[in-house]
Amino acid sequence: MSVYARILRHPRMAALFAAALVARLPIGINGLAVVLFLREQTGSFAVPGAVAGGLALGTGLGAPFMGRLVDRLGARVLLPLAVANAAGILSVLGLGYAGATAAVLVAVAVLTGGVYPPSPSVLRARFPELLRSDPALVPSAYALDSVLLEITFVCAPLIVVGVIAVLGAGAALVVSAATVLVGVTAFVWLLPADQPRSTPYEDTGLLGVLRAPGIRTLVMTMVPVGFAIGALEVAVPAFSHDESRAELAGVLLATWSMGSAIGGFVYGARARRASLPRVHLRLTLLLPLGFLPLLAAPSMAVMALLLIPAGVFIAPIIATRNELASQAAPPGTKTEALTWPLTALVGGIALGAAAGGALIDAADWHAAALAAVLSAGAGALVAATRRSTLRAAVAAAQTA
């Protein structure tokens, strides 16, 4: 616990974490808020689901390019991106009231997600600078960031439910627009001014930082990990339905997120004894083993208990992934580098959710859960066979 207190006592760190947390609340708010709002307007789930998917797809696809903008122009570019993103969210709200077609709503949603300001990635990229007086705290800062991400996914749906209960479904989208504006404005105001580059920006071409072998390894690892998470996000509600307790699916998913947060918190509080690439590999190898017992869950209570260890490796994997991406980035491209594994994770989640749904329709929830185990195992295999690229990236960063 003391390590987190030391991080937050550093100048601006507590306020920056708080601002970044507010700025990324829309990631957790938008999906549920869009579905509930457009369900009221259209009377179906097909259009709301497509629009929510469009927002997520736009965010995942746009993140690397927004990160590249920040690397080239500095953190000040986050402010116009926040304005554009908030305007897009409010446009979805207005178009929904106006009865716009599904095609228009989805197109606006993709564009809105595409300009989401990557303030969390900016914060991660600045950890070494912000904690330069105590560099041993940097790994724990990455862990704390991953814990706050899980807290976002726990708190954001509760915010949506509360706002809708008081003000209605449309108001939740207004809250989303407000949080991105307020959070990003506070974040940019608190962030120290961009420092002159110690190394020149490396123009990596159209592929960007994907030219770096270490970044490619992280992307290739995170797609199957994301697939596994997406498949389980569908399998758990299906399990709840089979147990005739569909209304408790959200509780089970929240338990899973809490397990991840606990794992991230414990990981960051302990001193790292092995090298960063080795720790990342071990966590990736353990993930499918954490998922495997879910296949034998006989009841809601047991499933809730099993979801805790199934979640404990997720936040530490994300924390080590982010730290590795920072070290594997070509000169001057840290923000973009930190967005690519996130894009891979989001893309994998979308694929896993779609495949998991199809497997459940064809068989039952066990099929989707088994697919999650196998996909997580595939991610571990990729991490093991390409581990030399991560070792080389860390060695190069340490000698630079």
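All of these numbers come straight from a predicted model, not from anything done at the bench.

As a further point, take the nonpolar core. The biggest cluster of nonpolar side chains holds 116 residues, and the ones touching the most others in it are Phe 187, Ile 215 and Phe 291. For this core, the element with the most residues is helix 10 (residues 213–242), which contributes 13 residues. Excluding residues within four positions of it along the chain, Phe 291 makes contact with Ala 228, Leu 232, Trp 256, Ala 310, Ala 372, Val 373 and Ala 376.

Counting across every chain of the model gives 5 salt bridges. Arg 68 serves as the salt-bridge partner of Glu 336, at 3.0 Å between the closest nitrogen and oxygen. Taken as a pair, Glu 336 in helix 15 (residues 334–362) and Arg 68 in helix 4 (residues 46–73) lie far apart in primary sequence, 268 residues in all. Salt bridges linked by common partners bring Arg 24, Arg 124 and Asp 145 together as one network.

This part is about a positive patch on the surface. Together, Arg 278, Arg 282, Arg 387 and Arg 391 give the surface a local cluster of positive charge. Of all the secondary structure elements, the ones that give two or more residues to the positive patch are helix 12 (276–291) and helix 17 (387–399). Within the element layout of this structure, Arg 282 appears in helix 12. Residue Arg 282 is classed as partly exposed on the basis of its relative accessible area of 47%.

On to helix 7 (residues 119–130). An α-helix turns once per 3.6 residues; consequently, residues spaced three or four apart project the same way. Most of helix 7 is tucked away: 10 of the 12 residues are buried. Taken together, the buried positions of helix 7 are occupied by Ser 119, Pro 120, Ser 121, Val 122, Leu 123, Arg 124, Ala 125, Arg 126, Phe 127 and Leu 130.

Per the counting criterion, the structure on display carries 6 aromatic pairs. An angle of 35 degrees between the planes, with centres 5.8 Å apart, marks the rings of Phe 17 and Phe 127 as tilted. One end of the pair, Phe 17, is in helix 2 (residues 13–23); the other, Phe 127, is in helix 7, and 110 residues separate them in sequence. Across the pair, exposure class does not vary: Phe 17 and Phe 127 are buried alike. Between Trp 256 and Phe 291, the ring centres sit 6.3 Å apart and the planes meet at 65 degrees, which makes this aromatic pair edge-to-face. Of the two residues, Trp 256 sits in helix 11 (residues 249–269) while Phe 291 sits in helix 12, which places them 35 residues apart along the sequence.

Residue Trp 256 is classed as buried on the basis of its relative accessible area, which comes to 6%. In the structure, Trp 256 is positioned 54 residues away from Ala 310 in sequence and 7.0 Å away in space, judged by C-alpha atoms. Excluding its chain neighbours within four sequence positions, the residues that come into contact with Trp 256 are Ile 229, Leu 232, Glu 233, Phe 291, Leu 307, Ala 310, Gly 311 and Ile 314.

Helix 9 (residues 169–190) packs onto helix 8 (residues 138–167) with a crossing angle of 130 degrees between their chain directions and a minimal axis gap of 7 Å. Judged by the angle between their axes, helix 8 and helix 9 are oblique. The handedness of the crossing between helix 8 and helix 9 comes out as right-handed. Judged by residue contacts, Ile 159, Val 160, Val 163, Ile 164 and Leu 167 of helix 8 engage Ala 169, Ala 171, Ala 172 and Val 175 from helix 9. Taken together, the residues that form the contact of helix 8 with helix 9 break down as 9 nonpolar, no polar and no charged.

Moving on: the environment of Tyr 267. By secondary structure assignment, the location of Tyr 267 is in helix 11. The class of Tyr 267 is buried, set by a relative accessible area of 15%. Measuring from C-alpha to C-alpha, the distance between Tyr 267 and Arg 76 comes to 33 Å, with 191 residues separating the pair along the chain.

With that settled, the discussion passes to unusual backbone geometry. Look at Arg 12: it is not a glycine, yet its phi comes out positive at around 75 degrees. Note that Arg 12 resides in the loop between helix 1 (2–9) and helix 2. Judged by its relative accessible area of 43%, Arg 12 falls in the partly exposed class. At Ser 244, a residue that is not glycine, the phi angle is positive and equals roughly 60 degrees. Structurally, the position occupied by Ser 244 is in the loop between helix 10 and helix 11.

Between its terminal C-alpha atoms helix 8 stretches 41 Å, which fits the 44 Å expected from 30 residues at 1.5 Å a residue. Gly 168, located one to two residues past helix 8, shows a positive phi value of around 105 degrees.

Scanning all chains against the criterion turns up 1 cavity of 30 Å³ or more. The computed volume of the largest cavity comes to approximately 30 Å³. Taken together, Asn 30, Val 34, Leu 55, Gly 88, Ile 89, Val 92 and Leu 173 make up the lining of the largest cavity. Among the elements of the structure, helix 3 (25–42) and helix 5 (78–98) are those that each provide at least two residues to the lining of the largest cavity.

Conventions adopted
Residues numbered from 1 in each chain as written. Predicted model: local features only at pLDDT ≥ 70, side-chain atom pairs only at ≥ 80, totals over all residues. Heavy atoms only, no water. Core = buried A, V, L, I, M, F, W, Y, C linked by side-chain atoms within 4.5 Å. Buried < 20%, exposed > 50% of the residue type's maximum accessible area, 1.4 Å probe, protein only. Helix = DSSP H or I, 4+ residues; strand = E, 2+ residues; numbered from the N terminus. Contact = heavy atoms within 4.5 Å. Salt bridge = Lys/Arg side-chain N within 4 Å of Asp/Glu carboxyl O. Patch = residues over 30% accessible without salt bridge, like charges linked within 9 Å, V, L, I, M, F, W, Y side chains within 5 Å. Areas by Shrake-Rupley, 256 points an atom, 1.4 Å probe, with all protein chains shown as cover. Lys, Arg positive; Asp, Glu negative; His and termini not counted. Charge placed at Lys NZ, Arg CZ, Asp CG, Glu CD. Phe/Tyr/Trp six-rings, centres within 6.5 Å; stacked < 30°, edge-to-face > 60°. Axes fitted to C-alpha atoms, helices over the stretch in contact; angles between N-to-C directions. Parallel < 35°, antiparallel > 145°, perpendicular 65-115°, else oblique. Left-handed = near helix turned anticlockwise from the far one by under 90°. Nonpolar A, V, L, I, M, F, W, Y, C, P; charged D, E, K, R; others polar. Expected span 1.5 Å × (residues − 1). 1 Å grid on protein atoms, 1.4 Å probe; cavity = no way out; pocket = protein on both sides within 12 Å on 5 of 7 lines; lining within 4 Å. Points joined across faces, edges and corners; volume = space filled by probe spheres on them.

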